[in-house]
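Observations on the model geometry
Next come the chains, spelled out residue by residue.
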Amino acid sequence: YAVAGSIALSAGELRRRLVSTAHGLAMDYAATLGVLFVLGTAQILSYTLAMRLLLCGAVLLRDLVSLIVFLLLMLGLGQLAVLLGSGHRLYFSLLALLVMGVAGGAFFQLPEKILTAIGQYTPHGWALARIRGYSVLPVAVPAGLAALLLAVGLPLQRRAIRRGVE
């Protein structure tokens, strides 16, 4: 934790150095998101395999795609949280995750009617409703939103660094 803490504490200076090079921030942005995506996908696959072995259930490609799109949405929303000052980032992120989780049925099982009417418009609710087989937004909608958030994240971070937000 000491190493991770020191890296987190120097994040502002590191970002300023990266933005001063030609493609430093873009390369760091892509590499960081790539690593997080690979680790998240590995976690999804390992949990799915564990559940398959323990419960002897079928693994549906549709469910894996839903979880990967959910991961992309979380990565995209995380890019918005990075824009907040470091003193408020953790609190806002935890509050947003709590509200989305409750509204999406991750904490309390919501009836199908509520989940499809309200919950599906949160990442958690969309993924849960899709895995349960309810009628929800097509995969292209949350995947497109995730792509938009990830694409907009880099220019917004560049602008925040130039303004001196950290």
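Data block above holds the structure.
The structure reproduced in this document is the subject of the present report.

Tallying secondary structure elements over the protein gives 8 helices and 0 strands in all. Helices (α) and strands (β) of the protein occur, in sequence order from the N terminus, as α-α-α-α-α-α-α-α. Residue burial in the protein is summarised as follows: out of 166 residues, 31% are buried. Once local pairs closer than 6 in sequence are excluded, the contacts in the protein between residues at least 24 apart make up 58%. With an accessible surface of roughly 10,400 Å², the protein has 73% of that area assigned to carbon and sulfur atoms.

Before going further, it helps to spend a moment on the nonpolar core. Formed by L25, A26, Y29, L33, I44, L64, L71, L75, L150, L154 and I161, the largest nonpolar core amounts to 11 residues. Broken down by secondary-structure element, the contributors of at least two residues to this core are α3 (24-55), α4 (61-81) and α8 (140-163). It is α3 that contributes the most residues to this core, 5 residues altogether. Counting 8 residues, the second largest nonpolar core, distinct from the first, contains V69, A129, Y134 and V136.

What counts and what doesn't
- Note on numbering: residues in each chain are counted from 1, in written sequence order.
- For a predicted model such as this one, the threshold for reporting local features is a pLDDT of at least 70, and the threshold for listing and counting side-chain atom pairs is 80 or more; totals across whole chains, interfaces and linings nevertheless cover every residue.
- In computing side-chain values, all of the structure's heavy atoms are included and hydrogens and water are not.
- Put simply, DSSP H or I for four residues or longer makes a helix, DSSP E for two residues or longer makes a strand, and each gets a number counted from the N terminus.
- The cut-offs for exposure are 20% and 50% of the maximum accessible area for each residue type, with area from a 1.4 Å probe on protein chains only; residues under the lower value are buried, those over the upper are exposed, and the others partly exposed.
- Residue contacts are counted whenever heavy atoms from the two residues lie within 4.5 Å of one another.
- The Shrake-Rupley method, run with a 1.4 Å probe, gives the accessible areas here. Residue values count only the displayed protein chains as cover.
- For this analysis, a nonpolar core means a set of buried residues of the types Ala, Val, Leu, Ile, Met, Phe, Trp, Tyr and Cys, connected via side-chain atoms within 4.5 Å.

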